[in-house]
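Working through the structure, step by step
Take a look at the letters that make up each chain.
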Amino acid sequence: MKKPKMLYASPLQPMRSGISDYSEVLITALSKQFELTLLTDDYELNSGYLKNNFPVLKYGKHQVDFGNFDYLVYNIGNNPEYHDFIYEVCLEHPGMVILHDVVLYYLFVGYYQKRNRLYAKVYEQEGTEAFLTLKRAVKRKGADLLAQKEMAPLLPFHKELFRSGNRIMVHSWYAYEQVLHTGIVKEKNIAKINPLPYGYSATLSKAELFEKYRIPQDAYIIASMGYIERTKLNHIACQAVRRLNEEGARKVCYVMVGEGFYADGYVDGKVIIKTGYTSLDEFDAFIRYSDIILNLRNPSMGETSGAMLRILEQGKVCMINDGGWFCEIPDRCVKKVCLENVEEDLYEKIRMLMEDPQEGKKIGECAAEYMRQEYQEEKIVGKIRKFLER
């Protein structure tokens, strides 16, 4: 039986995005049931597998016959650098959007600033109050709206996408309810479908990895994965780890695995270490060789976390806070931190896990079992196909 044709638009490596990694996994799974063509921006893909097994169309360079496909699938996240062209296409040729972030402030602002249409579009799509809020922000803090992090929760800027006629696929009930709450998308046009698990790719030994980043082999390792920014509370983790080192008998290192500059003032290369961007092999290896992994988010932008899935799948103990998708992870599979007096609570719970390693092992085992039960490839791809065919 002939497979339906699908155009799949997404950032892909070398674009440094978790959605790039997500898509490489999903493309492989979808190809078992669909004939895929990939739509990318104008760059060369890293993956030999993708280049050799799928037609690749570059937006703005190759002509795309959208009517030639049975299904159009667009990955939309909150980064204008990676999703600009996808946002443009999905508004012009609606299909199904895989919505990775409910808040699209940065994508929307970046997209329309580039086209000198931001204020007119905000007024058109969001109304007078949003228009005035943006104007006041510029008057108060300057014209660089992408640097004004406090604006994103106030102005999610997703109404234009929700009015576009695209069906919406999300990965959490939190995002599902947020979309429905707008009153724009009808229930029949939204589905909550789990993301695919990522698998494990690390081949590095602990000795190789730690030697490269000058991490003591015998240290207790606390890590955070992915982009370093204030909403992930990296600075709180730095303060808690410094305190643990001052009061404890064992050396503790906090390793920030990723890019980002806001917490650089804490980095000393001994207790607080930043790797910068790593290969996927190193990323997975840091998950494997860390004792505790932190994945804190405040405020949540309605996103799911590919890093979180990798952590759970590997059966590692992870510390999170309630909020957004993270509320949906069963308590038995993680250690949850209270945002009220967060530094003290984080410090106490890390210390408890250091003193009782069996508790962490139990949490990790529950996490791995949860992933095996809830994140099965065949079931997930089946749900995507059913939603597309609805």
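Everything below is about the structure printed above this text.
This report concerns the structure included in the present document. Because the structure is predicted, anything quoted here is derived from the model rather than measured. In every chain, residue numbers begin from 1 and rise along the written sequence. Only residues with pLDDT of 70 or above have their local features reported here, since the model is predicted, and side-chain atom pairs are shown and tallied only from 80 upward, although totals for entire chains, interfaces and linings are computed over all residues. The basis for the side-chain values is all heavy atoms of the structure; hydrogens and waters are excluded.

1. A closer look at the side chain of N321
For clarity, the threshold we go by: For helices the rule is a DSSP run of H or I covering at least 4 residues; for strands it is a run of E covering at least 2, with both sets numbered from the N terminus onward. Per-residue accessibility, obtained with a 1.4 Å probe over protein chains only, is compared with the maximum for each type, and a residue is labelled buried under 20%, exposed over 50%, and partly exposed between these values. When checking whether two residues touch, look at their non-hydrogen atoms; a contact exists if any pair is within 4.5 Å.
Position of N321 relative to the elements: it lies in strand β12 (residues 318-321). Here N321 falls in the buried class, since its relative accessible area comes to 1%. Not counting chain neighbours up to four residues away, the residues in contact with N321 comprise N295, L296, R297, F326, V337 and L339.

2. Side note on empty space enclosed by the protein
Rules: Using a 1 Å grid laid over the protein atoms alone, points where a 1.4 Å probe fits but cannot get out form a cavity; open sets with protein on both sides within 12 Å along at least 5 of 7 lines form a pocket; any residue with an atom within 4 Å of a point counts as lining. Grid points are joined across faces, edges and corners, and a volume is the space filled by probe spheres set on the points. For this scheme, ten residues count as nonpolar: Ala, Val, Leu, Ile, Met, Phe, Trp, Tyr, Cys and Pro. Four count as charged, namely Asp, Glu, Lys and Arg, and the remainder, Gly too, count as polar.
Tallied over the full model, the rule gives one cavity of 30 Å³ or more. There is about 100 Å³ of room inside the largest cavity. Along its surface, the largest cavity is lined by 14 residues, and S224, M225, K232, N234 and L294 are the ones closest to its centre. Every element with two or more residues in the lining of the largest cavity is listed here: β8 (220-225), α11 (234-247) and β11 (292-295). The residue makeup of the lining of the largest cavity, split by class, is eight nonpolar, four polar and two charged.

3. Side note on the sheet that holds strand β6 (residues 167-170)
Here is the rule we go by: Two strands qualify as a pair provided that DSSP identifies no fewer than 2 bridges between them. Axis lines are fitted through C-alpha atoms, for helices just across the contact stretch, and the angle between N-to-C directions can take any value from 0 to 180 degrees.
A sheet is described by the order of its strands in space; here seven strands give the open sequence β3-β2-β1-β4-β5-β6-β7, paired in parallel fashion. Of all the strands in the sheet, just β3 (56-58) and β7 (190-192) have a single pairing partner and so form its edges. On average, each strand axis in the sheet is inclined to that of its neighbour by 20°, with strand direction left out of account. Two elements, strand β2 (residues 35-40) and β3, share three bridges in a ladder whose sense is parallel. What sits directly across from L38, in β3, is V56. Here helix α9 (residues 173-181) sits on the sheet in contact with β5 (96-99), β6 and β7, set at roughly 165° to β7.

4. Description of the sheet that holds β11
Sheet strands pair via backbone hydrogen bonds, and the direction of the pair is either parallel or antiparallel. Ordered in space as β10-β9-β8-β11-β12-β13, the six strands form an open sheet in which the pairing is parallel. Of all the strands in the sheet, just β10 (272-274) and β13 (335-337) have a single pairing partner and so form its edges. This sheet shows a mean twist of 25° between the axes of neighbouring strands, independent of strand direction. Across three bridges, strand β9 (residues 252-257) lies against β10 in parallel orientation. In the sheet register, M256 faces β10, and the bridge partner there is K274. Sitting on the sheet, α11 touches β8, β9, β10 and β11, and the angle it makes with β9 is about 160°.

5. Observations regarding the environment of I193
As for its placement among the helices and strands, I193 is situated in the loop between β7 and α10 (206-212). Counting along the chain gives 65 residues from I193 to G258, while the straight-line C-alpha distance between them is 27 Å. In this structure I193 touches M169, V170, H171, I380, K383, I384 and F387, once residues within four positions along its chain are discounted.

6. Things to note about the nonpolar core
Stated precisely, the cut-off is as follows: Put simply, a nonpolar core is a bunch of buried Ala, Val, Leu, Ile, Met, Phe, Trp, Tyr and Cys residues held in one set by side-chain atoms that sit within 4.5 Å of each other.
Of all hydrophobic cores here, the largest spans 67 residues; its most connected members are Y8 and M225. Beyond its immediate sequence surroundings of up to four residues, Y8 is in contact with Y22, S23, L26, I27, L30, L36, T37, L38, L39, V73, N75 and I98.

7. Regarding the pairing of strand β1 (residues 5-9)
What counts here: For the handedness criterion, the strands are oriented away from the viewer, and a crossover whose path from the first strand over the helix to the second runs clockwise is classed as right-handed.
Buried residues dominate β1, accounting for four of its five residues. As judged from the five bridges shared by β1 and β2, these two strands associate in the parallel manner. Pairing of A9 across the sheet is with L39, part of β2. Regarding topology, helix α1 (residues 18-30) serves as the crossover connection from β1 to the parallel β2, and that connection is right-handed. Strand direction decides the pairing type here: β1 and strand β4 (residues 71-76), joined by four bridges, are parallel. Bridging across to β4, A9 finds its partner in Y74.

Shape is all these values report; function is a separate question.
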